[in-house]
Amino acid sequence: MTQLITKTNELLKIRHELKLTPEDSIGFVPTMGNLHQGHLSLIEESLQKNSLTFVSIFVNPKQFAPHEDFNKYPRTLESDLALINSLNSKKPIYVYAPATPLEVFPENYLTQIYVRELTQKLCGKTRPTHFEGVTTVVYRLFSLIRPHNSYFGLKDYQQYLVIQKMVNDLNLPINVFGLPIVREASGLALSSRNSFLSSEGKAAALTLAQLLHKVTALLKKGSFNEALQLAKITCENDKYWDYLEILEADTLNTPTLQTKKFVIAGAYYVEKTRLIDNQLLTL
Ligand code: AMP
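Bear in mind that the values here come from a model prediction, so they are computed numbers and not experimental data.

## Remarks on the pairing of strand β4 (residues 93-96)
Turning to step 1, where the next piece is worked out: Burial of the side chains of β4 extends over both faces: Ile 93 and Val 95 are buried on one face and Tyr 94 and Tyr 96 on the other.
Turning to step 2, where the next piece is worked out: Bridge count between strand β3 (residues 52-57) and β4: 4 bridges; the pairing is parallel. Within β4, the residue paired with Phe 54 across the bridge is Tyr 94.
Turning to step 3, where the next piece is worked out: Handedness of the β-α-β unit built from β3, helix α3 (residues 77-85) and β4 comes out right-handed.

## Notes on the side chain of Arg 15
Turning to step 1, where the next piece is worked out: Note on placement: Arg 15 falls in helix α1 (residues 8-17).
Turning to step 2, where the next piece is worked out: Among buried Asp, Glu, Lys and Arg side chains, Arg 15 stands out as unpaired, with Asp 24 the closest opposite charge at 9.7 Å.
Turning to step 3, where the next piece is worked out: Apart from the residues lying within four places of it in its own chain, the contact partners of Arg 15 are Leu 20, Ile 26, Leu 144, Ile 145 and Arg 146.

## Overview of the site of the ligand
Turning to step 1, where the next piece is worked out: The local shell around the ligand holds 17 residues, among which His 39, Gly 153, Asp 156, Val 182 and Leu 190 are the closest.
Turning to step 2, where the next piece is worked out: In the model, an oxygen atom of the ligand is placed 2.9 Å from a nitrogen or oxygen of the Gly 153 main chain.
Turning to step 3, where the next piece is worked out: At 2.8 Å, a backbone N or O of Leu 190 approaches a nitrogen atom of the ligand.
Turning to step 4, where the next piece is worked out: Here the ligand has 480 Å² of accessible area as a free molecule, and 93% of this is covered by the chains.
Turning to step 5, where the next piece is worked out: The set of elements that each furnish at least two residues to the shell around the ligand consists of β2 (26-31), α2 (37-49) and β5 (149-153).
Turning to step 6, where the next piece is worked out: Considering every element that reaches the shell around the ligand, the biggest residue donor is α2, with 3 residues.
Turning to step 7, where the next piece is worked out: Its residues placed into classes, the shell around the ligand shows 9 nonpolar, 6 polar and 2 charged.

## A word on the sheet that holds strand β1 (residues 2-5)
Turning to step 1, where the next piece is worked out: With respect to topology, 6 strands assemble into an open sheet ordered β1-β4-β3-β2-β5-β6, the strand pairing being parallel. In the strand order of this sheet, the two ends are held by β1 and β6 (175-179), each with one partner. Sheet twist, expressed as the average angle between the axes of neighbouring strands with direction ignored, equals 25°.
Turning to step 2, where the next piece is worked out: In this structure, β2 lies alongside β5, joined through 2 bridges in parallel fashion. Opposite Phe 28, over in β5, you have Ser 150 as the bridge partner.
Turning to step 3, where the next piece is worked out: Along the sheet, α1 makes contact with β1, β2, β3 and β4, crossing β1 at roughly 135°.

Calculation notes
Residues numbered from 1 in each chain as written. Predicted model: local features only at pLDDT ≥ 70, side-chain atom pairs only at ≥ 80, totals over all residues. Heavy atoms only, no water. Buried < 20%, exposed > 50% of the residue type's maximum accessible area, 1.4 Å probe, protein only. Helix = DSSP H or I, 4+ residues; strand = E, 2+ residues; numbered from the N terminus. Pairing = 2+ DSSP bridges. Right-handed = clockwise from strand over helix to strand, strands pointing away. Lys, Arg positive; Asp, Glu negative; His and termini not counted. Salt bridge = Lys/Arg side-chain N within 4 Å of Asp/Glu carboxyl O. Contact = heavy atoms within 4.5 Å. Near = heavy atom within 4 Å. Polar contact = N/O pair within 3.5 Å; in protein donor to acceptor, adjacent residues only side chain to side chain. Areas by Shrake-Rupley, 256 points an atom, 1.4 Å probe, with all protein chains shown as cover. Nonpolar A, V, L, I, M, F, W, Y, C, P; charged D, E, K, R; others polar. Axes fitted to C-alpha atoms, helices over the stretch in contact; angles between N-to-C directions.

And the structure:
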C-alpha cells in the first residue's frame, strides 16, 4: 500500500484528511533516495512501530555547497519505489518525492534553522553550511508531515545529534530514533555514494571501517593514548583522511577521564567521493 505524492499541496491535503485514533501514530523516514538496506531498515522500523509511515525522497539542495555533488547525486525514484513495494507492507506508506525543490522551498521561502556548536565539529569543519541545510529541510518536512516518530541512521551520527538537539531545543513533539549502521559483509557501511566507486575504490574504502575498528579496539582495552596516537598518525600519513577523531558521543567534545561513551568518527576520500562512518563505544 504505497502512495506516491509529488506535490506539497497534495501532501498537506492527505495529511489533513488522515483520520487518526488516539492509538495511531505516524512514523517518518527522511531520505535523499537511491535507497538501500540502510534506508529500508529505518522504514521497516517505522512500519513496525507506527500505524502509517511517510518516507520522503528529496535531494535537498540546501545541504550541498556549490562545489559538492548535488548534480550528480543518484536519483532513482522508480527503483526506490520498487524497493519500498518489495516490503509488502499491509500498512500505508506515503512516499513524498517532491517533483522539484520549489515544492519544498518555494520562491519566497526565507527561514533557516541553525543549531550552533555541534554543527561546527567533525563534518562541519569541511562542510560549514551542511547541517544548516539539513536542519532547515528536516524542520520543514516535520512541519508538513507532523509525524509522531522519526527514524534516522547512526551512519550519519552527527546529523542524528543535531536533529535531536533541534527537536529538544524547540520542544517539537516528535520522537527521534537513531538506528544501527547497516554494512556490507566486508564491513563497508552502505551509502548511496558507494555507487560512485569503482571496484578498486570499494576495496580502498574498506580502510575507513578498518581504521575505526582498530581505534575502537584500542579504546576498548583501555589504551586511550595509543588510540589517540593511531588516529593522529593515520591522518598525518594518508592525505585522503578528512578526519579520524575520538570524541565524547553526546556532546562531540574532547573526551575527559570521566568520559564513558565515545564516538570514533571518520571521513575518508576515495576517488573524490567523501565517505563517512563511525563506531559508538560505551566503556
Ligand atoms: P540519506 O538518503 O543518505 O540522506 O540517508 C537517509 C537516512 O538513512 C539517514 O538517516 C541516514 O543516516 C540513513 N542511512 C544511510 N545509510 C545508512 C546505513 N548504512 N545504515 C543505517 N542507516 C543509514
